[in-house]
Amino acid sequence: MNKTLLLILLIFINHSSTTPSKEEYIERQGEVSFFSYTSVENIQATNNQALSIFDIKTNEVAVRILMRAFVFKKSLMHEHFNESYIESDLYPEATFSGTIVDFDSSITTEQTRIIKGDFTLKNITKPVEIKAKISKIDEDYSIDGNLEILIEDYNINIPALLSPNISKKIEVTFNFKYKPHEK
Amino acid sequence: MKRYLDKIFVIVFLLVSVAIIASDLISKSGDSNTIKKRTIKQLSTNELIFEYKNNSLGKFIEKAIEVDGVLKEIMYKNNVYTLYLTDGHNNTYILCELQNDQAKKIPNLLVGDKVKIKGILKGHLMDVILLNCIIL
């Protein structure tokens, strides 16, 4: 199954029966946070609405993030983020699809691996490499890691007046806890 | 005398500025309180899932809606409670991420109960997603 197919499966997934899959794992409410550090202001937002599928047979991971679900300390930041920077009406989701390099599903202890894939934001897709920790806990898996994205890569336009407040490099962290996918 | 008036002017200007900034920070900070927001629509879980499958959720985005349905699951994750509502037919759920002040109501809920919530519709992934929900 290639990465595009996995992402399409994630988008059009249909739960028509309730048989747990031994190969596919699902996280319906993954946590994704981002941080922007500048000398003027630190901005942080957290989102518990990331959907992800992890296929331990093909080592593929697909993620969809609902952009409007980022929670900020100030509602004005939420408004700027959705209306001006991300344009959530036009681009409601960010997506990632990739493969965990050298993942071994027979290992029951924590594995630190690189996930290579494509991250898409505002219809712009860039290749990314993410260092992640993968753990098996009983029948479940968890994957957490972080990556940095450059706002200039994704056509995010910051007004000159606010430019000192927003870092050009955004740190993104994620924490997904997967359960066997019932389908 | 003029210097004295100038000083008063500067002090008054500074006080007004601080008051405006403080007022702005207070009004713009923290989670929005859903209870104060006007409900624009009341729907059943089945009706809301129908709107989702009909690609017509757009009119409710960032608006407060009330939804009733059967409680499928209570999830506590990342320090937030989420209620999963089902219509009993679909495996698409309504995910209602609760406001922090609603945690005290959780012990009174049982899976299978009929519940009614009010929340801000954010969109959908596999499920329809509402944040800042309160239990009615």
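Predicted, not measured: the structure shown is a model, and the values here were computed from it.

1. Focus: the overall build of chain B
A count of helices and strands for chain B gives 2 helices and 6 strands. When the helices and strands of chain B are read in sequence order from the N terminus, they spell out α-β-α-β-β-β-β-β. Counting across all 136 residues of chain B, residues that qualify as buried make up 31%. A separation threshold of at least 6 residues defines the contact pool for chain B, and within that pool the share at least 24 residues apart is 60%.

2. Let's talk about unusual backbone geometry
Residues and elements named next belong to chain B. Of note, Asn 79 is a non-glycine position whose phi angle comes to about 65°, a positive value. By the secondary structure assignment, Asn 79 is in the loop between strand 2 (64–77) and strand 3 (80–86). Look at Asn 79 and you get exposed, because 10 C-beta atoms sit within 10 Å. One non-glycine residue, Asn 132, adopts positive backbone phi at about 50°. Considering the arrangement of structural elements, one finds Asn 132 in strand 6 (residues 128–135).

3. What to know about the pairing of strand 8 (residues 140–150) of chain A
All names here are of chain A. Summarising the sheet, strand 7 (residues 124–137) and strand 8 pair through 7 bridges and their orientation is antiparallel. Note on strand 8: the bridge partner recorded for Ile 137 is Asp 140. Between strand 7 and strand 8, which follow one another and run antiparallel, lie 2 residues, and Asp 138 among them has a positive phi close to 55°. As judged from the 10 bridges shared by strand 8 and strand 9 (residues 169–182), these two strands associate in the antiparallel manner. By the bridge assignment for strand 9, Ser 142 is matched with Lys 177.

4. Topic: the pairing of strand 5 (residues 114–124) of chain B
Residues and elements named next belong to chain B. In terms of residue burial, strand 5 counts as a mostly covered element, since 8 of its 11 residues are buried. For strand 2 and strand 5, the ladder comprises 7 bridges, and the chain directions are antiparallel. Counted as the bridge partner of Asp 68 is Lys 116 from strand 5. Following strand 5, the chain reverses through 3 residues before pairing antiparallel with strand 6.

5. Brief notes about the interface of chain B and chain A
For an interface, size is often stated in terms of accessible area lost upon the parts coming together. If you look at the interface, chain B gives 17 residues, while chain A gives 17 residues. Secondary structure elements with two or more residues in the side of chain B that touches chain A: strand 2, strand 3, strand 5 and strand 6 of chain B. Looking at the side of chain B that touches chain A residue by residue, the classes come out as 6 nonpolar, 6 polar and 5 charged.

6. Looking at the environment of B:Lys116
All names here are of chain B. Topologically, Lys 116 is positioned in strand 5. A count of 14 C-beta atoms within 10 Å places Lys 116 in the partly exposed class. It is 5.5 Å that separates the C-alpha atoms of Lys 116 and Leu 136, two residues lying 20 residues apart in sequence. If near-sequence neighbours (up to four positions away) are discounted, Lys 116 is found in contact with Glu 66, Asp 68 and Leu 136.

7. Here we look at the nonpolar core
It is characteristic of soluble globular proteins that their nonpolar side chains tend to be buried jointly. All names here are of chain B. Judged by nonpolar contacts, the single largest core of 64 residues is most densely connected at Ile 94, Cys 96 and Leu 130. At 6 residues, strand 6 tops the list of elements feeding residues into this core. Apart from residues lying up to four places away in sequence, Leu 130 is in contact with Ile 94, Leu 95, Cys 96, Glu 97, Gly 119, Ile 120, Leu 121 and Lys 122.

8. Looking at the environment of A:Ile149
All names here are of chain A. Mapping Ile 149 onto the fold places it in strand 8. Ile 149 sits 54 residues away from Thr 95 along the chain, and the two C-alpha atoms are 13 Å apart. Apart from the residues within four sequence positions on either side, Ile 149 is in contact with Phe 119, Tyr 154, Ile 170 and Val 172.

9. A short note on helix 2 (residues 75–85) of chain A
All names here are of chain A. Of the positions making up helix 2, those classed as buried are Met 77, His 78, Phe 81, Asn 82 and Tyr 85. Projected onto a plane normal to the axis of helix 2, the buried residues spread over an arc of 125° and lie on a single side. Where helix 2 is buried, its residues touch strand 2 (42–55) and strand 4 (71–72). Downstream of helix 2 by a residue or two, Glu 87 has a phi angle that is positive, lying close to 55°.

10. Some details on helix 2 (residues 45–53) of chain B
Residue and element names in this part refer to chain B. Looking at helix 2, one finds that the buried residues are Thr 45, Leu 48, Ile 49, Glu 51 and Tyr 52. Summarising the axial view, the buried residues of helix 2 lie within an arc of 155°, below the 170-degree limit, and thus occupy one face. Looking at the buried positions of helix 2, the neighbouring elements they touch are strand 1 (39–44), strand 2, strand 3, strand 4 (94–98), strand 5 and strand 6. Backbone geometry just downstream of helix 2 places Asn 55 in the positive-phi region, at approximately 55°.

Conventions and cut-offs
Residues numbered from 1 in each chain as written. Chains lettered and ligands numbered in written order. Predicted model: local features only at pLDDT ≥ 70, side-chain atom pairs only at ≥ 80, totals over all residues. Helix = DSSP H or I, 4+ residues; strand = E, 2+ residues; numbered from the N terminus. Buried ≥ 20, exposed ≤ 12 C-beta atoms within 10 Å, placed from the backbone. Contact = placed C-beta atoms within 7 Å. Pairing = 2+ DSSP bridges. Nonpolar A, V, L, I, M, F, W, Y, C, P; charged D, E, K, R; others polar. Core = buried A, V, L, I, M, F, W, Y, C linked by C-beta atoms within 7 Å. Arc of directions from axis to C-beta.

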